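Geometric and topological summary
For reference, the chains in residue letters:
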Amino acid sequence: MKVVDLKSFGRTEDSEPPRKRTFILLLLVTCVVMVGLSFFLWWVPYVGLANIHASLPWVLAFLLGFGVLFCLGGALTLLMTIVRGKNLFFNRKIRGVVIRILFPLLVGVGRCFGLSKDEIRRSFVAINNRLVFAESKKVRPERLLILLPHCLQNHECGIRITGDVAKCKGCGKCKIKDLSELSRRHGVSISVATGGTLARRIVIEKKPDMIIAVACERDLTSGIQDSYPIPVFGILNHRPFGPCFDTDVDLTMVETALASFLYDEADHSERSGPRDSHDGGAPKRVSGPTS
Ligand code: SF4
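Residues numbered from 1 in each chain as written. Predicted model: local features only at pLDDT ≥ 70, side-chain atom pairs only at ≥ 80, totals over all residues. Heavy atoms only, no water.

1. Brief notes about the pairing of strand β4 (residues 232–236)
By the criterion of burial, β4 is predominantly enclosed, with five of the five residues buried. Residues of β4 alternate between two faces, with Val232, Gly234 and Leu236 on one and Phe233 and Ile235 on the opposite face, all of them buried. Bridging between strand β3 (residues 210–215) and β4 involves five bridges; their strand directions are parallel. Note that in β4 the partner of Ile211 across the bridge is Val232. (Buried < 20%, exposed > 50% of the residue type's maximum accessible area, 1.4 Å probe, protein only. Helix = DSSP H or I, 4+ residues; strand = E, 2+ residues; numbered from the N terminus. Pairing = 2+ DSSP bridges.)

2. Brief notes about the side chain of Thr162
With respect to the secondary-structure elements, Thr162 resides in the loop between β1 (144–149) and α5 (176–186). By relative accessible area, which is 17% here, Thr162 ends up buried.

3. A closer look at the site of the ligand
The ligand sits among 13 residues. The nearest are Cys157, Cys168, Lys169, Cys171 and Cys174. Of the residues assigned to the shell around the ligand, the class counts are six nonpolar, four polar and three charged. (Near = heavy atom within 4 Å. Nonpolar A, V, L, I, M, F, W, Y, C, P; charged D, E, K, R; others polar.)

4. Comments concerning the packing of aromatic side chains
Under the defined criterion, the tally for this structure stands at six aromatic pairs. Judged by centre distance (5.6 Å) and plane angle (50°), the ring pair of Phe39 and Trp42 falls under tilted. With a gap of three residues between them, Phe39 and Trp42 both fall in helix α1 (residues 20–52), about one helical turn apart. Between Phe103 and Phe124, the aromatic rings sit 4.3 Å apart at their centres with planes inclined by 35°, giving tilted as the arrangement. Separated by 21 residues along the polypeptide, Phe103 in helix α3 (residues 91–112) and Phe124 in helix α4 (residues 117–134) bring together distant segments of the chain. The pair Phe103 / Phe124 is uniform in exposure class, with both members buried. These aromatic residues form a ring-pair network of at least three members: Phe39, Trp42 and Trp58. (Phe/Tyr/Trp six-rings, centres within 6.5 Å; stacked < 30°, edge-to-face > 60°.)

Below you can see the structure in the form of structure tokens.
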């Protein structure tokens, strides 16, 4: 199997490469703005607060300083995790902060600098992948879901594969054939969704511990946000005929993601043989949410 550098995930031939530096730059700008704003918030009352009580300005300075240091510490931890590609102490919580708080904030900051939403989304997907990879989570095949967009199916195909990809006749006109075979070979679940609502329903029904999702920037971003805390590894689709029409995906990327996240029983039993009495022989599992 062709080896793909995991750092290149999320990159497509017909779209700009995801740039982690966009995200990092926006993060740094946000930190600078935050420090400036905090100083301003301190300085303005300082003029007036001193008239109420001499120590009030310093109490406020201490509180704001603590808040700033806390946020800067969080940003530094995030940067270290992104740069090292390894889990630090609370990677899962950091992923939540990035998904829930930082991304909407950075979209606003990015817009002020004239960056397009898709550029920020590509960067967000790349950072999310890096954090998911840093978690080093391994799942059993039955707990992994491959989620595909409907636009991967050839537009001339009359078979309704939504809900049951196994109905694909394997004519080879689109990658559904290869992806269906891939899922059978690895014993993982595979589904095709026509939109966000169906995708959410599939995730609720299947309750996977890990998702490998293929989609465009917008759908991947909302899918990653909606599925949290389930880790979603995003692979951007190729759109040679424009959006939502006969799209394509790099199969090697899907295969490499599967190899990275699937729990290898044979490999594990080999490695854990003599250590069974110490570690119990099974990987630690983080149970996924119900929605
Ligand atoms: S590979 Fe399957 S889904 Fe794609 S066109 Fe052929 S039968 Fe339809």
